[in-house]
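Structure assessment
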Amino acid sequence: IGSHNFKEICFFERNKSCKIYSLSFFFLLPASALTTGIYMIFSTNPEMATQEVQPNETLTNLKAESDTLKTKLEDERAKLHDVELHQVAEKVDGLGQFIMKTRRTLKGHGNKVLCMDWCKDKRRIVSSSQDGKVIVWDAFTTNKEHAVTMPCTWVMACAYAPSGCAVACGGLDNKCSVYPLSLDKNENLAAKKKSVAMHTNYLSACSFTNSDMQILTSSGDGTCALWDVESGQLLQSFHGHTADVLCLDLAPSETGNTFVSGGCDKKANVWDMRSGQCIQSFETHESDINSVRYYPSGDAFASGSDDATCRLYDLRADREVAIYSKESIIFGASSVDFSLSGRLLFGGYNDYTINVWDVLKGTRVSILFGHENRVSTLRLSPDGTAFCTGSWDHTLRIWA
Amino acid sequence: MCDHQCFVYEIVKMSGSSNLVAMKKIVQQLRFEASINRVKVSQAAADLQQFCMQNALQDPLLTGVSSSTNPFRPQKVCSFL
């Protein structure tokens, strides 16, 4: 094969929003011709840089080791699988009747609502839709407070800044842009727009971290990335998914710097935000994972998938511990969220309904009707008194 | 300069060595994942349950908050006499 030397050749700026190191490595072909490899960007992690491929580390050997490790992982996980969650929860009181209704309907979008997020003030909501519109609502009064028209259609992601002073959104433009919200209703919001993230495919989800200063994004290009809002600089990128990443959720702040992402490769990955490393990976879903959400304690997360199930994964047991499914539910779950105590899991589905699950017992406690097309997004309000859903029927509903 | 994580911009297969590099990364990742500490499901499940129980009373959707405290539930209408 030949020897590999990884050298830093040059440093250049791809565009003003991210900087990439470029390295080329040289191959000695049988004809002793020197050929440069196309630019491959490597970390300057010393361990990686000084690695040389040993003769016995052939592709076959590595493949065999990979298979052995995968089996070992399964065995380790299986060894600790001494009981099911719902068995542990047998002694817990069952939940009573749930009466949840639509309390507000937010009308104003001209096309499918794709995403929404709550403001920390528990009453404002930002939503984005297929027609390129991003609207900020007062959920108590149903009034529209701001509206922005994006230069692209299919705005698949939107997020409220923790301060309540800005919103971030993006979609088919492959970018995530931040719009500061002005108190002056007449001001043109689009004029102050700041482009923060740049991906090479659509933006599927975005979220501010603990402050207005950093944004985490996921994209159809298979990566997630952490950006500095002020400079637009790429702070960290996360590689590991082998297909589009559709969703992400940040761990509750008490539990540290991690986040979970789900993708079309049926995997849910947990990442360390500082190092960029994938810490844990779960692959039990049978189709795309559309939504991931941390359990309020931070020790577990739920996922909703096109395979019509929602699942609960415990991070300390490192395995799936519950599946929320019914034979009668055959349409995919697009969006999930927990109630404040983590006892209830709300799932928005492509069959226009919302199923409410008892997280511990694994049973469905309620099914909610109202939307006239698929539910695309669902979030609990910050104080847990209600949850909001957005739908392809162009409306948003507040349920309580 | 600073240790950014790997970012593959473009890969062109050349004598299978890029496959090797990719495979090595996969094996390294699997070694890492196999080495983490795990707890038994019974322990993890008990902790999840405990968290639910401890926070049940503070969960408005679970306990069913009355109209007066839930901003979204219909208020009792005042009428002028």
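Small disclaimer: the values here were computed from a predicted structure and weren't measured.

Next up on the list: the overall build of chain B. From N to C terminus, chain B includes three helices and zero strands. Its helices and strands taken in sequence order, chain B reads α-α-α from the N to the C terminus. The burial tally for chain B puts 33% of its 81 residues in the buried class. Accessible surface for chain B amounts to roughly 5100 Å². Of this, 58% is attributable to carbon and sulfur atoms.

Each helix and strand in chain A was counted, giving three helices and 32 strands. Here chain A holds 400 residues, and 55% of them are scored as buried. Taking the intrachain contacts of chain A between residues at least 6 apart in sequence as the baseline, contacts between residues at least 24 apart amount to 44%. Summed over all atoms, the accessible surface of chain A reaches about 16700 Å², with 49% contributed by carbon and sulfur.

Confidence in the prediction of chain A, expressed as mean pLDDT, is 86, and 85% of residues score 70 or more. The low-confidence segment residues 1–51 of chain A, where pLDDT is below 50, has 106 contacts with residues more than four positions distant or belonging to other chains.

Close approach of charged atoms allows side chains with opposite charge to pair. Per the stated rule, a full pass over the model turns up 16 salt bridges over all chains. Where Asp-47 of chain B meets Arg-316 of chain A, a salt bridge forms, and the shortest distance between an N and an O atom there is 2.2 Å. In this pair, Asp-47 of chain B is assigned in helix 2 (residues 41–55) and Arg-316 of chain A in the loop between strand 24 (310–314) and strand 25 (319–324), connecting two distinct chains. A residue is classified by how much of its surface remains accessible, and Arg-316 of chain A, at 28% relative accessible area, is partly exposed. Put simply, Arg-77 and Asp-318 of chain A together with Arg-38 of chain B are held in one network by salt bridges that share partners.

Running from N to C, helix 2 (residues 59–79) of chain A and helix 1 (residues 17–34) of chain B point in directions that differ by 25°, and their axes come no closer than 9 Å. As the angle between them shows, helix 2 of chain A and helix 1 of chain B are arranged roughly parallel. Between helix 2 of chain A and helix 1 of chain B lies a crossing whose hand is left-handed. Contacts between helix 2 of chain A and helix 1 of chain B involve Leu-59, Leu-62, Lys-63, Glu-65, Ser-66, Leu-69, Lys-70 and Leu-73 of chain A on the former and, on the latter, Asn-19, Leu-20, Met-23, Lys-24, Ile-26, Val-27, Leu-30, Arg-31, Glu-33 and Ala-34 of chain B.

Residue and element names in this part refer to chain A. Across the sheet, which stays open at both edges, the four strands sit in the order 6-7-8-9 with antiparallel pairing between neighbours. Among the strands making up the open sheet, the edge pair consists of strand 6 (113–118) and strand 9 (143–149). Neighbour-to-neighbour, the strand axes of the sheet open up by a mean angle of 20°, direction not taken into account. Bridge count between strand 6 and strand 7 (residues 124–129): five bridges; the pairing is antiparallel. Bridging from a neighbouring strand, Trp-118 pairs with Ile-125 of strand 7.

Residue and element names in this part refer to chain A. Summed over the entire model, instances satisfying the criterion amount to 14 aromatic pairs over all chains. When the centroid spacing of 5.1 Å and the interplanar angle of 45° are considered together, the rings of Phe-282 and Tyr-313 count as tilted. Of the two residues, Phe-282 sits in strand 21 (residues 278–282) while Tyr-313 sits in strand 24, which places them 31 residues apart along the sequence. Using a relative accessible area of 2% as the deciding quantity, one classes Phe-282 as buried. By way of ring pairs, the aromatic residues Phe-282, Tyr-294, Phe-301 and Tyr-313 are connected into one cluster. Seen from the ring of Trp-392, Lys-112 lies directly overhead, with NZ or CZ sitting 5.0 Å from the centre. Over the face of the ring belonging to Trp-392 we find Arg-374, whose NZ or CZ atom lies 4.2 Å from the ring centre.

UniProt tags residues 106–147, 196–237, 238–281, 282–323, 335–367 and 368–400 of chain A as "repeat: WD" (unreviewed entry). In this annotation, residues 196–237 of chain A is assigned 0% helix and 57% strand; the end-to-end C-alpha distance for the span is 14 Å.

Here we come to the side chain of Asp-337 of chain A. Residues and elements named next belong to chain A. Following the sequence through the fold, Asp-337 ends up in strand 26 (residues 333–338). What makes Asp-337 buried here is its relative accessible area of 8%. From its side chain, Asp-337 meets the backbone nitrogen of Leu-380 in a polar contact 2.7 Å long. Look past the residues within four positions of Asp-337 in its chain and what remains in contact with it is Arg-293, Leu-344, Leu-345, Phe-346, Leu-378, Arg-379 and Leu-380.

Residue and element names in this part refer to chain A. Reading across from one edge, 22-23-24-25 is the order of the four strands in this open sheet, with antiparallel pairing throughout. Both outer strands of the open sheet, strand 22 (289–294) and strand 25, are each paired with one neighbouring strand and no more. The sheet shows a mean angle of 25° between the axes of neighbouring strands, taken without regard to direction. Taken together, the five bridges between strand 23 (residues 300–305) and strand 24 define a ladder with antiparallel strand orientation. The residue of strand 24 that forms the bridge with Phe-301 is Tyr-313.

The subject of this paragraph is the side chain of Arg-319 of chain A. Topologically, Arg-319 of chain A is positioned in strand 25. Comment: no salt bridge for buried Arg-319 of chain A; closest opposite-charge side chain is Glu-84 of chain A, at 6.1 Å. A polar side-chain atom of Arg-319 of chain A sits 3.2 Å from a polar atom in the side chain of His-81 of chain A. Excluding residues within four positions of it along the chain, Arg-319 of chain A makes contact with Arg-77, Ala-78, His-81, Phe-282, Leu-312, Tyr-313 and Asp-314 of chain A together with Val-41 of chain B.

The subject of this paragraph is the pairing of strand 11 (residues 166–170) of chain A. Residue and element names in this part refer to chain A. Across the five residues of strand 11, five count as buried, placing the element largely inside the fold. Taking every second residue as pointing to the same face, both faces of strand 11 are buried, with Ala-166, Ala-168 and Gly-170 on one and Val-167 and Cys-169 on the other. Across four bridges, the pairing between strand 10 (residues 157–160) and strand 11 is antiparallel. What sits directly across from Cys-158, in strand 11, is Cys-169. Joining the antiparallel neighbours strand 10 and strand 11 is a turn of five residues, in which Gly-164 adopts a positive phi near 85°. In terms of strand pairing, strand 11 meets strand 12 (residues 175–180) through four bridges, oriented antiparallel. Opposite Ala-168, over in strand 12, you have Val-178 as the bridge partner. The turn linking strand 11 back onto strand 12 is made up of four residues, and Asn-174 within it adopts a positive phi angle of 65°.

Cut-offs and rules
- Residues numbered from 1 in each chain as written.
- Chains lettered and ligands numbered in written order.
- Predicted model: local features only at pLDDT ≥ 70, side-chain atom pairs only at ≥ 80, totals over all residues.
- Heavy atoms only, no water.
- Helix = DSSP H or I, 4+ residues; strand = E, 2+ residues; numbered from the N terminus.
- Buried < 20%, exposed > 50% of the residue type's maximum accessible area, 1.4 Å probe, protein only.
- Areas by Shrake-Rupley, 256 points an atom, 1.4 Å probe, with all protein chains shown as cover.
- Contact = heavy atoms within 4.5 Å.
- pLDDT = per-residue confidence, 0-100.
- Salt bridge = Lys/Arg side-chain N within 4 Å of Asp/Glu carboxyl O.
- Axes fitted to C-alpha atoms, helices over the stretch in contact; angles between N-to-C directions.
- Parallel < 35°, antiparallel > 145°, perpendicular 65-115°, else oblique.
- Left-handed = near helix turned anticlockwise from the far one by under 90°.
- Pairing = 2+ DSSP bridges.
- Phe/Tyr/Trp six-rings, centres within 6.5 Å; stacked < 30°, edge-to-face > 60°.
- Lys NZ or Arg CZ within 6 Å of the ring centre and 35° of its normal.
- UniProt positions renumbered as here; feature names shortened; annotations may be inferred.
- Polar contact = N/O pair within 3.5 Å; in protein donor to acceptor, adjacent residues only side chain to side chain.
- Lys, Arg positive; Asp, Glu negative; His and termini not counted.

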